[in-house]
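Residues per chain, in single letters:
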Amino acid sequence: MSETFRTDSRQMLGRLRAIMAEEGGGQTRLDRITRLIAEEMHAEVCSIYLFRDENTLELCASEGLRAESVHQTRLKLGEGLVGRVARSGTVINTDDAPAAPGFRYMPETGEEAYSSFVGVPIQRLGEKLGVLVTQSRQKRLFSDEEIYALEVVAMVLAEMAELGAFTGEGAAMKARHSQPVMLRGGSAQEGAAQGHVWLHEPRVVITNPIAEDPTREMERLHEAVETLRVGVDRMLNSAQDGDKEQLEVLEAYRMFANSKGWMRRMQANIDSGLSAEAAVEKEQSAARARMTQVTDAYLRERLHDLDDLSNRLLRILTGQGQETGAEMPADPILVARNIGPAELLDYGRGLRGIVLEEGAVGSHAAIVARALAIPLVINAVRITTEALNGDFILVDGDQGIVHLRPDDAVTAAFRDKMAMQAKAQERYASIRDKPAQALCGTRITLKMNAGLMADLPSLESSGAEGVGLFRTELQFLTRSHMPKRAELSALYARVMDAARGRRVIFRTLDIGSDKVLPYMKPTDEPNPAMGWRAVRVALEKPGVMRMQLQALIRAAKGRPLSVMFPFVAQYDEYSAARAEMDKALDRERILGHPLPSEIEVGAMLETPSIAFAPDAFFQEVDFLSVGGNDLKQFFFAADRENERVRRRYDTLDMSYLNFLEGIVYRCATLGTRLSFCGEDAGRPIEAACLAALGFRTLSMRPASIGPVKSLLRHTDLGELRTILHEERARGTQNLRKAATDYLRSKL
Ligand code: PEP
Ligand code: MG
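Residues numbered from 1 in each chain as written. Chains lettered and ligands numbered in written order. Predicted model: local features only at pLDDT ≥ 70, side-chain atom pairs only at ≥ 80, totals over all residues. Heavy atoms only, no water.

### Re the pairing of strand 16 (residues 443-450)
Most of strand 16 is tucked away: six of the eight residues are buried. Pairing of strand 15 (residues 436-437) with strand 16 involves two bridges; the strand directions are antiparallel. From the neighbouring strand, alanine 436 faces strand 16, where its bridge partner is isoleucine 444. Where strand 15 folds back on strand 16, the antiparallel hairpin that results is connected by five residues, among which glycine 441 adopts a positive phi of roughly 100°. Summarising the sheet, strand 16 and strand 17 (residues 467-471) pair through three bridges and their orientation is parallel. Note on strand 17: the bridge partner recorded for methionine 448 is valine 467. (Buried < 20%, exposed > 50% of the residue type's maximum accessible area, 1.4 Å probe, protein only. Helix = DSSP H or I, 4+ residues; strand = E, 2+ residues; numbered from the N terminus. Pairing = 2+ DSSP bridges.)

### Comments concerning unusual backbone geometry
Glycine aside, residues mostly have negative phi angles, and peptide bonds mostly take the trans form. A positive phi angle, close to 70°, is found at histidine 71, a residue other than glycine. Here alanine 637, not a glycine, exhibits a phi torsion of approximately 50°, which is positive. Its place among the elements puts alanine 637 in the loop between helix 22 (628-635) and helix 23 (654-670). For alanine 637, a relative accessible area of 69% gives the class exposed.

### So, the coordination of the magnesium ion (ligand 2)
At the metal site, the magnesium ion (ligand 2) is ligated by Glu606 (OE) and Asp630 (OD), and these contacts range over 2.0 to 2.1 Å. Of the two residues, glutamate 606 sits in the loop between strand 20 (599-605) and helix 20 (608-611) while aspartate 630 sits in helix 22, which places them 24 residues apart along the sequence. (Donors = N, O, S within 2.8 Å, 3.2 Å for Na, K, Ca; no water.)

### Quick look at the sheet that holds strand 10 (residues 332-336)
The eight strands are arranged 7-14-13-9-10-11-12-8 in an open sheet whose pairing can be described as mixed. The open sheet has two edge strands with one neighbour each: strand 7 (181-184) and strand 8 (186-189). Averaged over neighbouring strand pairs, the angle between their axes works out to 25° when direction is ignored. Bridge count for strand 8 against strand 12 (residues 376-378) is three bridges, and the pairing is antiparallel. Paired with glutamine 189 across the two strands is leucine 376, which belongs to strand 12. (Axes fitted to C-alpha atoms, helices over the stretch in contact; angles between N-to-C directions.)

### Comments concerning the site of ligand 1
For ligand 1, the set of nearby residues contains 14 residues, the closest of which are Arg471, Arg507, Gly627, Asn629 and Arg640. Contact distances for ligand 1 include 2.9 Å between an oxygen atom and a side-chain N or O atom of glutamate 606. Here aspartate 630 contributes a backbone N or O atom positioned 3.0 Å from an oxygen atom of ligand 1. Counting residues per element, the ones that place at least two in the shell around ligand 1 are strand 17 and helix 22. Top element by residues in the shell around ligand 1 is helix 22. It accounts for three residues. (Near = heavy atom within 4 Å. Polar contact = N/O pair within 3.5 Å; in protein donor to acceptor, adjacent residues only side chain to side chain.)

### Structural notes on the domain arrangement of the chain
What the domain assignment reports for the chain is domain 1 (3-174), domain 2 (178-202 + 327-417), domain 3 (214-318) and domain 4 (431-745). Here the C-alpha centroids of domain 2 and domain 3 sit 28 Å apart. Across the boundary between the two partners, domain 2 contributes four residues, which contact six residues of domain 3. Interface area for domain 2 against domain 3, summed over the two sides, is near 370 Å², with a carbon-plus-sulfur share of 22%. For the pair domain 2 and domain 3, the number of links is one residue pair in polar contact (both at pLDDT 80 or more). Partitioned by chemical class, the residues of the side of domain 2 that touches domain 3 number one nonpolar, no polar and three charged. (Domains from an automatic or database assignment. Contact = heavy atoms within 4.5 Å. Buried area = accessible area lost by both parts, 1.4 Å probe. Nonpolar A, V, L, I, M, F, W, Y, C, P; charged D, E, K, R; others polar.)

### Concerning the environment of asparagine 629
Within the secondary structure, asparagine 629 sits in helix 22. With relative accessibility at 19%, the residue asparagine 629 sits in the buried group. Distance in space between the C-alpha atoms of asparagine 629 and glutamate 679 is 6.4 Å, their sequence separation being 50 residues. The contacts of asparagine 629, once residues within four sequence positions are left out, are Arg471, Arg640, Gly678 and Glu679.

### Description of the confidence of the model for the chain
Across the chain, the average pLDDT comes to 88, with 94% of residues at 70 or higher. In this model, residues 169-175 is a region of pLDDT below 50 whose contacts with residues beyond four sequence positions or in other chains number 28 contacts. (pLDDT = per-residue confidence, 0-100.)

### A closer look at the pattern of salt bridges
If you walk through the whole model with that rule in mind, you get 56 salt bridges. Glutamate 283 is paired through a salt bridge with arginine 265; the nearest N and O atoms lie 2.9 Å apart. Of the two residues, glutamate 283 is situated in helix 8 (residues 276-293) and arginine 265 in helix 7 (residues 260-271); the sequence distance between them amounts to 18 residues. Judged by relative accessible area, which is 6%, glutamate 283 ranks as buried. A salt bridge links arginine 382 to glutamate 386; the nearest nitrogen and oxygen atoms lie 3.0 Å apart. (Salt bridge = Lys/Arg side-chain N within 4 Å of Asp/Glu carboxyl O.)

The structure is reproduced here in structure tokens:
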């Protein structure tokens, strides 16, 4: 970087600051800025294109292009060189624009006279706002220094746009955060919610992107980085020794905080005329751009760490802590890039809904949101940049759609939907104490799935007849260290107390696959869903399972106890796990602890293999529970986490139903108690079909009990079974249409 350039860049920013301080509206400012940049760049043309909407760029100011084209010329994202800069978020620099790939001639601008073109994106932390372009008659490539200077200016423009500097007077950049926005993400927990945005990490606002006194800015940066380093060291010192994951993250923080390269790049940004905070943010933007290119999971994690560290540094510099002084709204909808399960539990049931920019259906946060029955939309791209604290927001967890600052028509339609759901809830409440008895007289037992202490009150409100699946891994996933036996025992005892005599089936720890304990070294497996998980881990490293079985026996304190092992793929795995239970009972007896008055030990049927196990297995288990989520993914060989394939295969596919019917038949002939506890048990049409196949116990999310019971009470299972057989004989591959037509006719 040459000395001359530094002076130029600083001079340009100095003049820019003067323009911003002058009287005049948004358009006047933009016009003056383009004139200034053209002059400083020794070019005939400088233009600013801003997004009119998500897909359209509008020429908002230009020095050099025909005045009548301003606010007339528009380009779609990806169209022409400008559109390509906007789409890719990278610079295009060419000395022969008409020959460059993607060039599109816009006659109204008069740009045919200009051969050289350089376009840099105007963006703030990856959020695209527009494109800054310089063109010149002379055929030349712009130098790296000139491009860097333009990037610095573009960054300042982005900050100013954020502050509303260009609002009004026809500029496309209308008050950015006042427009309605609809975002389509993925559904991770169903339900509809309305409320006001509560940002997990409020945005840092930079009010002074240009340095008045670079020496002072340099000092500020050094002081802030020092404060950051001391803070990281303090966190490292107080970190738990056994908490390897946390230590790893903190070590990465320390490495970045001491990185000379990071510091040098931020210093160069100040050198070019930016304030300390703008210098940090420019570097952070560049790191985020790298993040989108990186596919390696480990590297991405480290770039995330760097991003977190940059946020900390920005908060130190601006004094804008987590605590912004804003008060949490009474109806908070949590908006975050991502969130850990423990943090989510801290917010608890007070949240009306959750919207995440990232996330996955099987993430720990999603598991917790599901357990708390809070509507959750994931992968809502741009939500953290679009939403401001206090914005009105509608969350449609069924469709995975978010309406931010919706207009009245959208709000009215959404409220109608919520009202309909509320009416349905009233209907369900009215049958809460009635049995799930089908029209043919068959009685189905409906139980609930749970995983948190907080779930237990739902036993009363939903009318569930017990807990058919208590997922014990949540207590392990939401902590930063392995829970102690006494802690677990106390918790399980409280769960049993709360169930007041109704059976709770505790499933032993189901980790591995998508559920990775934060304090366990992750095993790098090519295919974790089919890897070292659940009972496979428990049998090879029995320490944790033994501790858990002991905790369960102690929690029962002489009451009946039900335990089941997850992911049993063959008979001998069950026998080995059961032997562990027998050993645990023996040990407790010897120690003089009271034993459960009755004990039943079951297995989950989650792999096709176990459906074909020897008869002896079916006779030996006390019960079997079909874990349809896993069973279905292995039956169809379609990953339950993979959005591309997970909806492709229907539960009401005849092949799958034939398979399930075979399981029902074996259990009936061999005298094995059978239930179904995957998500499908909570979907009314699927549940009715499962009951028609012969399942007599279904376990589901508490919120599903009402809808399922309501439909079952209108269904004649014999009739539905006949339809199933007829369709099968007819060669129908999918029962859904026939089943839905029949069930509709009964309502
Ligand atoms: C299942 O696989 O259906 C199940 C209930 O277990 P999980 O969803 O916890 O894997
Ligand atoms: Mg499972």
